[in-house]
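Examining the three-dimensional arrangement
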Amino acid sequence: MWKKAEKQSVTAGGDFEAAAARVTVEPEPADELPGAEAEAAPAEAFLIRPEWANAAARLCFLPAARLSHPAFALTDEEAEKITPQFQALMQAVSDRYAPALLGRVANRHPELFDAAAALGVLYWQKWRYVAKLRQIEAQQAAEKAAAERSARAAGQPSEAPIPASDEAVNVTPIRVI
Amino acid sequence: MLHEVRAVPRLVIVDPKCAQLVNLKGYDHLWPEYSAKPRGWVGPSMTDYFREARGHESFRVVVHVRDNFREQLELLCILLRAVGDLTMCVDELGLFIPSGSPGSLPPAITSAMISGRHEGLRFCGTAQRPALVHVTARANAERIRWYRITERNDLDAARDYMPGPLADSLPRLPDYVCVETSDGSPAFRDESMVGRLRLPGASRLSKPSQKNLSRG
């Protein structure tokens, strides 16, 4: 049905290409489709290891073993037996229940969520700080003990300088985010 | 409407019903796929067609629109103004530009209706309920053909365009008889269409209750 026009339309040219660009969207690449994300998700999923499930199973019986009787503690054989069920449960919690719960809390109680997140970050920083502090203190105690031993062996009092308590700790203070 | 534009060489019909016009012979048919986010037509089928069509002196195409009527009409106005020198016919105009405040009309449609003729874009539309068509379309129409209407709000809308006796006669108009109103001449009763509809299926397509809005 086409008949070649003798003259182009008055607005033909660059205007048409600009209009065409305005009205057209490119189809999304295959790797950005939801199906592709779903396929890529398992590779990035957080997988629960069997040893974590084993430890969690033992942890469940720890209070009873401490408070009631040590025989409540799981043996290795019992722990191995219940590990697959615990691993499946913990994987489900990690994949479904925990994200849903966190999402609900974050949406309904944003202040609580923010405070809990800030507390978690602060606690983690404190834990690293204290761990480093303990390491230094243990090192100083070992050095002091070694100095005392050598002094005792030489029959002289120890001359090894013992740093003051403030100077003993030379750890970078924590920085709260 | 098809009778009205039977001699138009460069014609785009916008079909929201996707029923009778799907099998219209002698026309190309386009089925654009609309994406709401990001906004636009997916794929190059529409732009490829009109990129080729704009260089031809004659083309006739039906664009079948199934959803997002107003948004897709806006895209069509943007594209067809760039094509130029064509007539765009919109079936059931009320679906695309329902009545509302003047600001509720998308800018591309407003400018196509107000200044489209300067860019060679002629606009034609039909509606079964004139009162449900946006007032900008009615106010800018060069010519309106009022066929039989009976609803009170539609009759009230008609009274703004024609003398009272003619408006009162609208509910009793016979088939294919209309009252034509235009900018340049007084409203009159037009019976010239009686017996002249020869297009296949036109008797079904041109319902007596439909109203033609045309400008150009």
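For clarity, every value in this text was computed on a predicted model and none was experimentally measured. (Residues numbered from 1 in each chain as written. Chains lettered and ligands numbered in written order. Predicted model: local features only at pLDDT ≥ 70, side-chain atom pairs only at ≥ 80, totals over all residues.)

The next point concerns the overall build of chain B. Each helix and strand counted, chain B has eight helices and 11 strands in total. A burial count over chain B gives 41% of its 216 residues as buried. The contacts in chain B between residues at least 6 apart in sequence include a share of 75% that link residues at least 24 apart. (Helix = DSSP H or I, 4+ residues; strand = E, 2+ residues; numbered from the N terminus. Buried ≥ 20, exposed ≤ 12 C-beta atoms within 10 Å, placed from the backbone. Contact = placed C-beta atoms within 7 Å.)

What follows covers the overall build of chain A. Counting secondary structure elements, chain A contains six helices and one strand. Mapped from its N terminus to its C terminus, chain A presents α and β elements in the order α-β-α-α-α-α-α. The buried share of chain A, taken over its 177 residues, is 6%.

What follows concerns the sheet that holds strand β4 (residues 40-42) of chain B. Overall, mixed pairing links the three strands, which are arranged β1(A)-β4(B)-β3(B) in an open sheet. Of all strands in the sheet, those bounded by a partner on one side alone are β1 (24-25) of chain A together with β3 (34-35) of chain B. When β3 of chain B meets β4 of chain B, the two strands line up antiparallel, connected through two bridges. What sits directly across from Y34 of chain B, in β4 of chain B, is W41 of chain B. (Pairing = 2+ DSSP bridges.)

Here is the key point about a regular strand: its side chains alternate between the two faces of the sheet. Residues and elements named next belong to chain B. For strand β1 (residues 10-15) and strand β5 (residues 59-64), the ladder comprises six bridges, and the chain directions are parallel. Following the sheet pairing, R10 is matched in β5 by F59. In the sheet, strand β2 (residues 28-30) pairs with β5 via three bridges, with the strands oriented parallel. Bridge pairing in β5 places H29 opposite V62.

The next subject is the nonpolar core. Generally speaking, a soluble globular protein has its nonpolar side chains buried in company with each other. All names here are of chain B. With 61 residues, the main nonpolar core has V14, L76, L79, L80 and M88 as its most contacted residues. Ranked by the residues each element gives to this core, the list is headed by helix α2 (residues 69-83), at 10 residues. Contact partners of V14, with chain neighbours within four places excluded, come to V63, V65, L73, L76, M88, C89, V90 and D91. (Core = buried A, V, L, I, M, F, W, Y, C linked by C-beta atoms within 7 Å.)

Turning next to the packing of helix α3 (residues 50-67) of chain A against helix α4 (residues 76-108) of chain A. All names here are of chain A. Axis separation between α3 and α4 bottoms out at 8 Å; the angle between their running directions is 105°. Put simply, α3 runs roughly perpendicular to α4. Residues P50, W52, A53, N54, A56, A57 and R58 of α3 pack against A79, I82, T83, F86, Q87 and M90 of α4. (Axes fitted to C-alpha atoms, helices over the stretch in contact; angles between N-to-C directions. Parallel < 35°, antiparallel > 145°, perpendicular 65-115°, else oblique.)

This paragraph deals with the packing of α2 of chain B against helix α4 (residues 107-115) of chain B. Residue and element names in this part refer to chain B. For the pair α2 and α4, interaxial distance at closest approach is 8 Å and the crossing angle is 50°. As summarised for this structure, α2 and α4 are arranged oblique, according to the angle between their axes. When you trace α2 past α4, the crossing you get is left-handed. Contacts between α2 and α4 involve L73, E74, C77, I78 and R81 on the former and, on the latter, A108, I109 and A112. In terms of residue class, the contact of α2 with α4 is made up of six nonpolar, no polar and two charged. (Left-handed = near helix turned anticlockwise from the far one by under 90°. Nonpolar A, V, L, I, M, F, W, Y, C, P; charged D, E, K, R; others polar.)

Another aspect to go through is the environment of P186 of chain B. In this structure, P186 of chain B sits in the loop between β9 (178-182) and β10 (188-190). Once the C-alpha coordinates of P186 of chain B and P163 of chain B are considered, the two residues, 23 residues apart in sequence, prove to be 9.1 Å apart.

To continue, consider helix α1 (residues 45-53) of chain B. Helical periodicity: at 3.6 residues per turn, an α-helix aligns residues three or four positions apart in one direction. Residues of α1 of chain B that are buried include every one of M46, T47, F50 and A53 of chain B, and no others. Angularly, the buried residues of α1 of chain B cover 130° about the axis, an arc narrow enough to put them on a single face. (Arc of directions from axis to C-beta.)

Residues and elements named next belong to chain B. Tracing the backbone through its elements, the reader meets P9 in the segment before β1. For the pair P9 and F59, spaced 50 residues apart in sequence, the C-alpha separation works out to 6.3 Å. Apart from residues no more than four positions distant in its own chain, P9 is found in contact with E57 and S58.

Residue and element names in this part refer to chain B. The pairing of strand β8 (residues 143-146) with β9 spans four bridges and is antiparallel. Note that in β9 the partner of W146 across the bridge is V179. Pairing between β9 and β10: three bridges, direction antiparallel. Opposite E180, over in β10, you have F188 as the bridge partner. Count of turn residues in the β9/β10 antiparallel hairpin: five residues.

Attention shifts here to the confidence of the model for chain B. Parts of the prediction with low pLDDT should not have their coordinates interpreted in detail. Residues with a pLDDT of 70 or more make up 90% of chain B, whose mean pLDDT is 85. Among the prediction metrics, the complex's ipTM stands at 0.76, with pTM recorded as 0.55. (pLDDT = per-residue confidence, 0-100.)

Here we come to the confidence of the model for chain A. Residues and elements named next belong to chain A. When pLDDT is averaged across chain A, the result is 79; 69% of the residues are at 70 or more. At the level of individual helices and strands, chain A shows its lowest average pLDDT in helix α2 (residues 34-44), which scores 51, and its highest in helix α5 (residues 110-154), which scores 93. Contacts for the low-pLDDT stretch residues 3-13, under 50 throughout, to residues beyond four places or in other chains number 21 contacts.

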